[in-house]
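Here's the letter readout for the chains.
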Amino acid sequence: MNPRVLVTYASKHGATADIANKIHEILKQAGLSADILPMDEVTNPSPYQAIVLGSAVYIGQWRRAAIRFLKAHEQALTEKQVWMFSSGPTGHGDPEKLLNGQKLPEGLQPIVARIQPRDIEVFGGVLDEDKMHFWEKWIIKNVKAPVGDFRDWAVIEAWAQGIAEDLMVAEPA
Ligand SMILES: Cc1cc2nc3c(=O)[nH]c(=O)nc-3n(C[C@H](O)[C@H](O)[C@H](O)COP(=O)(O)O)c2cc1C
């Protein structure tokens, strides 16, 4: 039987939520039983055999809900197939390079090493001035981060497709 999958995300302004929704859509289209929830609404991941989880990066850190989720469910996550993603640096080029070659904030490395995800990916993000608070605009201006939508949907879809292929169990003839 195909595993039940949870796609869960930590997003502030919605760009990461959109990425998670796209991944969820691809997994469903592939025929998997998949749910989607914000990370702070997941109380019990135990019904799921596989988890795809992602967080936006703010000032070098994952969202607090994501850190809390990893800490609260570390043991359960070590027993599941897990995929992780960070989003999202802005600007042209390889998002991982834009994130200084780190797929995840450094402080998460020990817990992630214990969880042993199948893969970790970095997707470009969005800076939308209409959504940012004044202090966010101030920070973004100071670090000269490029404003715009740098999500590459073809890359996101291909990554989700790869997860679907890994999870689909061939039905007996
Ligand atoms: C105040 C602020 C700080 C940010 N800091 C970082 C950062 O340190 N590294 C990074 O790659 N992206 C950073 N970003 C970009 C966000 O990760 C990007 O806007 C992301 O798409 C936001 O996702 P969300 O809409 O799901 O919250 C920052 C954005 C803001 C507004």
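Every value quoted in this text rests on a predicted model; they were computed, and no experiment measured them.

Let's shift gears to the nonpolar core. With 42 residues, the main nonpolar core has Val5, Ile23, Leu27, Val52, Ala160 and Ile163 as its most contacted residues. For this core, the secondary-structure elements that each account for two or more residues are β1 (4–10), α1 (15–29), β3 (50–58), α2 (64–72), β5 (81–87), β6 (119–123), β7 (126–127) and α7 (153–167). With residues near it in sequence (within four places) discarded, leucine 27 still touches Val5, Val7, Leu32, Ala34, Ala160, Ile163 and Ala164.

Bringing α7 into the picture now. If you check α7, its first and last C-alpha atoms are 21 Å apart, about what 15 residues at 1.5 Å a residue would give, namely 21 Å. Taken as a whole, α7 has its buried residues at Ile156, Trp159, Ala160, Ile163, Ala164 and Leu167. Around the axis of α7, the buried residues are gathered within 140° of arc, so they sit on the same side. Of the exposed residues in α7, the ones pointing more than 90 degrees away from its buried face are Ala154, Ala158 and Glu165. At its buried positions, α7 is contacted by β1, α1, β3, β5 and β6.

Among the 7 residues of β1, 5 are classified as buried, and the element is accordingly described as predominantly covered. Pairing of β1 with β3 involves 6 bridges; the strand directions are parallel. Bridging from a neighbouring strand, valine 7 pairs with valine 52 of β3.

Moving on to the environment of glutamate 96. Position of glutamate 96 relative to the elements: it lies in helix α4 (residues 95–98). With 44 residues separating them in the primary sequence, glutamate 96 and isoleucine 140 have C-alpha atoms 19 Å apart. Residue contacts for glutamate 96: discarding those within four places in its chain leaves Gly101, Lys103 and Val122.

Parameters and conventions
Residues numbered from 1 in each chain as written. Predicted model: local features only at pLDDT ≥ 70, side-chain atom pairs only at ≥ 80, totals over all residues. Core = buried A, V, L, I, M, F, W, Y, C linked by C-beta atoms within 7 Å. Buried ≥ 20, exposed ≤ 12 C-beta atoms within 10 Å, placed from the backbone. Helix = DSSP H or I, 4+ residues; strand = E, 2+ residues; numbered from the N terminus. Contact = placed C-beta atoms within 7 Å. Expected span 1.5 Å × (residues − 1). Arc of directions from axis to C-beta. Pairing = 2+ DSSP bridges.

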